[in-house]
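Next come the chains, spelled out residue by residue.
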Amino acid sequence: MAKIAVLGYGTVGSGVVEVMNINSSMIARRAGEEITIKYVLDLNDFPGTPAEKLIVHDFEQIVADEEIELVVEVMGGIEPANTFVRRSLEAGKSVVTSNKALVAKHGAELLKTAKEHHVNFLFEASVGGGIPIIRSLNNALTGDEIEEITGILNGTTNYMMTKMFYDGADYDEVLKEAQDNGYAERNPEADVEGYDACRKIAILSSVISGCYVNFEDIYTEGITKMTSRDICYARKMGMTIKLLASAKREDEKISAIVAPFLLLPSHPLYNIDGVFNSVFVKGNMLGDAMFYGSGAGKLPTASAVVGDIVDAVKNRGRDVMAAWTEEKLELKSKGDAKRKFFVRMAGDKEELLQKVEAAFGPVTVITLKDVSDEFGFITGRMKESIYEAMAAGFSNILHMIRVEE
Ligand code: HSE
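Below or above, wherever it landed, is the structure these notes cover. (Residues numbered from 1 in each chain as written. Predicted model: local features only at pLDDT ≥ 70, side-chain atom pairs only at ≥ 80, totals over all residues. Heavy atoms only, no water.)

**Digging into the site of the ligand**
Around the ligand, the surrounding shell consists of Lys-100, Asn-154, Gly-155, Thr-156, Tyr-183, Ala-184, Glu-185, Asp-191, Asp-196, Lys-200, Gly-295 and Ala-296. At 2.6 Å from an oxygen atom of the ligand is found a side-chain nitrogen or oxygen belonging to Thr-156. Interatomic distance of 2.8 Å between a backbone N/O atom of Tyr-183 and a nitrogen atom of the ligand. Protein contacts shield 94% of the accessible area of the ligand, which totals 250 Å² for the unbound molecule. Counting only elements with at least two residues in the shell around the ligand, the list comes to helix H7 (155-167) and helix H10 (195-209). (Near = heavy atom within 4 Å. Polar contact = N/O pair within 3.5 Å; in protein donor to acceptor, adjacent residues only side chain to side chain. Areas by Shrake-Rupley, 256 points an atom, 1.4 Å probe, with all protein chains shown as cover. Helix = DSSP H or I, 4+ residues; strand = E, 2+ residues; numbered from the N terminus.)

Structure (structure tokens):
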């Protein structure tokens, strides 16, 4: 029998206890032995819940207990999570976490610590909620050079963008709904500013490159500047707008970005709506593959955590995760990425078009019915640094959204 401890009884922690209770016999069959939760660490007591008799308040009790072979860290945040995870690994206990902030910042060193102590550090739930994307990259797509990973990796913002797009819903109202449904981060800024998606694509980039990709090096733009007018233009163009997190191999380097993108209906991520996440992967042998599923929420995230628990118990004493080195990967500069740009410009189209085309080259103009004080255009494909240099000559640009082809 394997005995484990869960650190944190919040949304994910309570989900883990629920999944372990509901599916206990099936989990035991798949792991090859029974798995029991001996402790749940939290500051509160939770009387009347399934964790009532398991709650402890002192991490030392867990780390000192030799019966505990695996620790589940679902507290979130960097500290004390990092210290608890490191000490658990050093004490010879495998660790499973859903904490993307921790994995993005300290993944390389924690993987190294796990290896040194012959235990596992697994983090499937840190990216894409219930979608088994890390396991697929780590175990299945190992014969391929991964050329691209582009994903909708944040359920909250996808839920918000979908509601804004189809229902014309108001930004604050949909954010509140996402929070009430338990999708949003404790600080919703992490979702709407793109920080959460940024950490997730940094983790995936580290997995595919085998080097440490620093999330701080990834250009990140959230959805806070998105307006209903942008959505009107997208509809007029037959496109949608999605917050994408993308890593592409270009000229021997990885180019990574998190930003809202306009997508045509032919794009594989066009139809990914609501809280769902999806990851498009292109391998140099495989070609295209798509992963789709619930990217946030209590039970989908807990499902991924429990999958890791089973994996760690089944593979006791064997290294499951391919580590990435602490050597930092130099990303391709954002200015070198080539794409098309949609631009909304204040003023009269007839008066400005000549100047616009003199700067950006031939553009496709988009106008909205009953709107005469601005117009939109899509540029040809160009380096982002060229776009920026040209755009600097205009003080009347209202908004720019990148176009994903
Ligand atoms: N806040 C995150 C999201 C939770 O909305 O996707 C899952 O990481």
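**As for helix H14 (residues 384-391)**
Each full turn of the α-helix corresponds to 3.6 residues, which orients residues three or four apart in the same direction. The complete set of buried residues in H14 reads Glu-384, Tyr-387 and Ala-391. Relative to the axis of H14, the buried residues are bounded by an arc of 55° and lie together on one face. Close packing links the buried residues of H14 with strand S13 (338-346), helix H13 (349-360), strand S16 (382-383) and strand S17 (397-404). (Buried < 20%, exposed > 50% of the residue type's maximum accessible area, 1.4 Å probe, protein only. Arc of directions from axis to C-beta. Contact = heavy atoms within 4.5 Å.)

**Overview of the packing of aromatic side chains**
Throughout the structure, instances matching the rule amount to 13 aromatic pairs. Ring plane angle 70° and centroid distance 5.5 Å describe the contact between Tyr-159 and Tyr-183, whose orientation is recorded as edge-to-face. One end of the pair, Tyr-159, is in helix H7; the other, Tyr-183, is in the loop between helix H8 (171-180) and helix H9 (189-192), and 24 residues separate them in sequence. Note on accessibility: Tyr-159 and Tyr-183 belong to one class, buried. Between Phe-360 and Phe-377, the ring centres sit 5.5 Å apart and the planes meet at 50°, which makes this aromatic pair tilted. In this pair, Phe-360 is assigned in helix H13 and Phe-377 in strand S15 (residues 374-378), connecting sequence segments 17 residues apart. (Phe/Tyr/Trp six-rings, centres within 6.5 Å; stacked < 30°, edge-to-face > 60°.)

**Quick notes on the pattern of salt bridges**
In the structure shown here, the tally under the stated rule is 39 salt bridges. As a salt-bridge pair, Glu-374 and Arg-344 come within 2.7 Å of each other at their nearest N and O atoms. Taken together, the positions of Glu-374 in strand S15 and Arg-344 in strand S13 put the pair 30 residues apart, joining distant regions of the chain. Among the ionic contacts, a cluster of salt bridges with common partners joins Glu-221, Lys-334, Arg-339, Glu-384, Glu-388 and Arg-402. (Salt bridge = Lys/Arg side-chain N within 4 Å of Asp/Glu carboxyl O.)

**Describing the side chain of Glu-374**
The exposure class assigned to Glu-374 is buried, which follows from its relative accessible area of 7%. Looking at Glu-374, its side chain comes within polar contact range of the side chain of Arg-229, at 3.0 Å. A distance of 2.7 Å separates a polar atom in the side chain of Glu-374 from a polar atom in the side chain of Arg-344. Contact partners of Glu-374, with chain neighbours within four places excluded, come to Arg-229, Tyr-233, Arg-344, Met-345, Ala-346, Gly-347 and Leu-398.

**Notes on the side chain of Asp-308**
As for its position among the elements, Asp-308 is in helix H12 (residues 298-314). Judged by relative accessible area, Asp-308 falls into the buried class, the value being 2%. Residues in contact with Asp-308, not counting those within four places in the same chain, are Val-96, Leu-122, Phe-123, Glu-124, Ala-125 and Arg-135.

**Focus: unusual backbone geometry**
Omega for the peptide link from Glu-79 to Pro-80 comes to 10°, which places this bond in the cis form. Considering the arrangement of structural elements, one finds Pro-80 in the loop between strand S4 (68-73) and helix H4 (81-90). Positive phi outside glycine occurs at Phe-46, with the angle close to 55°. In this structure, Phe-46 sits in the loop between strand S2 (35-41) and strand S3 (55-56). The exposure class assigned to Phe-46 is partly exposed, which follows from its relative accessible area of 22%. We note that His-118 has phi near 55°; this positive angle belongs to a residue other than glycine. Tracing the backbone shows His-118 in the loop between helix H5 (100-116) and strand S6 (121-122).

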